[in-house]
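Commentary on secondary and tertiary structure
What follows is each chain in one-letter form.
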Amino acid sequence: DSTPQPGFVQALWRARQAQGNHVIVGCRVYDVNMHTYARHPCYSGLFFKRRLCPEDQVLRRVLMVIASGTLITAEVFRLAGGMREDLFIDYVDWDFCLRARHEHHIATVVTGDAILEHARGERSGRRFIGITFFPPGYSEFRYAHIFRNRARLLRAYFFRDRAFVAFEIVAMMRDLLLLLMEHRPWRLIIVALKSWFSGIMQNLTR
């Protein structure tokens, strides 16, 4: 679901060299369904702000980036302890970036020179009360993992990273709204809430 544009790897490597050895370098993500560039969550004030990464610039103080199209050196990967297999699919990359920052002081940045075309699900617009929504069309299995893993990370970082907690609360409200636009919405909402409460009871493991 991801296609790097010409010069992609070179741009990531240039950013890594400019920022130093201990850094996670993400890319500028172009959403092929929405036809827009993603806004990256960044630390800002007491909480967070979603920012566009301009071309020819490096966006700093980024909370986390998706694994697709991200440069992580072997040294950083070993230092942070790898990625957690028990999360599976969603939030594996979120957890890695947060753990790298909080446990090993490894920053996450985004370079505007590396562009990745990326599809988040199979989105098609659905109108409701005069507004067009774009639900991703995920399966029950995928939504179950999203809400379970979100709850597990919220539990792990609730008293450690208020920007991440604020970001995820907003994201959860958005996703619950998008669930109403999916096929079989009430079934998916039940799955999501059951998975969320299950995740709240689970600790993250190595």
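Residues numbered from 1 in each chain as written. Predicted model: local features only at pLDDT ≥ 70, side-chain atom pairs only at ≥ 80, totals over all residues. Heavy atoms only, no water.

A word on the nonpolar core. Core analysis: the largest hydrophobic core is formed by 40 residues, its most contacted members being Ile-24, Met-64, Phe-147, Leu-153 and Phe-164. If you list the elements that add at least two residues to this core, you get strand 4 (40-44), helix 2 (74-80), helix 3 (92-104), helix 4 (140-157), helix 5 (162-179) and helix 6 (185-200). If you tally residues by element for this core, the top one is helix 4, at seven residues. Apart from the residues within four sequence positions on either side, Met-64 is in contact with Pro-41, Trp-94, Cys-97, Leu-98, Thr-108, Phe-164, Phe-167 and Glu-168. Core analysis: the next-biggest nonpolar cluster, separate from the first, contains 12 residues, Leu-12, Ala-15, Val-29 and Leu-71 among them. (Core = buried A, V, L, I, M, F, W, Y, C linked by side-chain atoms within 4.5 Å. Buried < 20%, exposed > 50% of the residue type's maximum accessible area, 1.4 Å probe, protein only. Helix = DSSP H or I, 4+ residues; strand = E, 2+ residues; numbered from the N terminus. Contact = heavy atoms within 4.5 Å.)

Our next topic: the pairing of strand 2 (residues 23-31). Along any regular strand the residues' side chains alternate between the sheet's two faces. Burial analysis of strand 2 places eight of its nine residues in the buried class, which makes it a mostly covered element. Two elements, strand 2 and strand 7 (residues 107-118), share nine bridges in a ladder whose sense is parallel. The residue bridging Arg-28 from the neighbouring strand is Ile-115, located in strand 7. Pairing between strand 2 and strand 3 (residues 36-37): two bridges, direction antiparallel. (Pairing = 2+ DSSP bridges.)

Let us look at a nonpolar patch on the surface. Together, Phe-88, Ile-89 and Phe-141 make up a nonpolar patch on the protein surface, roughly 300 Å² of accessible area in all. Its place among the elements puts Phe-141 in helix 4. (Patch = residues over 30% accessible without salt bridge, like charges linked within 9 Å, V, L, I, M, F, W, Y side chains within 5 Å. Areas by Shrake-Rupley, 256 points an atom, 1.4 Å probe, with all protein chains shown as cover. Salt bridge = Lys/Arg side-chain N within 4 Å of Asp/Glu carboxyl O.)

As a further point, take the environment of His-118. With respect to the element layout, His-118 can be found in strand 7. Taking the relative accessible area as the measure of exposure, His-118 reaches 14% and is therefore buried. Remark: the alpha-carbon pair of His-118 and Val-25, spanning 93 residues in sequence, is separated by 17 Å. The contact partners of His-118, leaving out residues within four places of it in the chain, are Asp-1, Ser-2, Val-29, Tyr-30, Asp-31, Val-32, Ile-66 and Ser-68. One polar contact links His-118 to Ser-2, side chain to side chain, over a distance of 2.8 Å. (Polar contact = N/O pair within 3.5 Å; in protein donor to acceptor, adjacent residues only side chain to side chain.)

As a further point, take the state of the cysteines. Under the defined criterion, the tally for this structure stands at zero disulfides. Here Cys-97 stays unpaired: no disulfide links it, and the sulfur of Cys-27, its closest cysteine neighbor, is 12 Å away. (Disulfide = S-S within 2.5 Å.)

Another point: the packing of aromatic side chains. Scanning the model with the defined rule gives nine aromatic pairs in all. Their ring planes at 65 degrees and their centres at 5.1 Å tell us that Tyr-30 and Tyr-37 sit as a pair that is edge-to-face. Taking relative accessible area as the criterion, Tyr-30 reaches 23% and is therefore assigned partly exposed. Between the aromatic rings of Phe-48 and Phe-167, the centroid separation amounts to 5.4 Å while the plane-to-plane angle is 85 degrees, which identifies the pairing as edge-to-face. One end of the pair, Phe-48, is in strand 5 (residues 47-51); the other, Phe-167, is in helix 5, and 119 residues separate them in sequence. In this structure Phe-48 comes out as partly exposed when scored by relative accessible area, which is 21%. Residue Phe-167 is classed as buried on the basis of its relative accessible area, which comes to 7%. Here the guanidinium or amino end of Arg-28 rests over the ring plane of Tyr-37, the centre of that ring lying 4.4 Å away. Between Arg-142 and the ring centre of Tyr-138, over which it is positioned, the NZ or CZ distance is 4.3 Å. (Phe/Tyr/Trp six-rings, centres within 6.5 Å; stacked < 30°, edge-to-face > 60°. Lys NZ or Arg CZ within 6 Å of the ring centre and 35° of its normal.)

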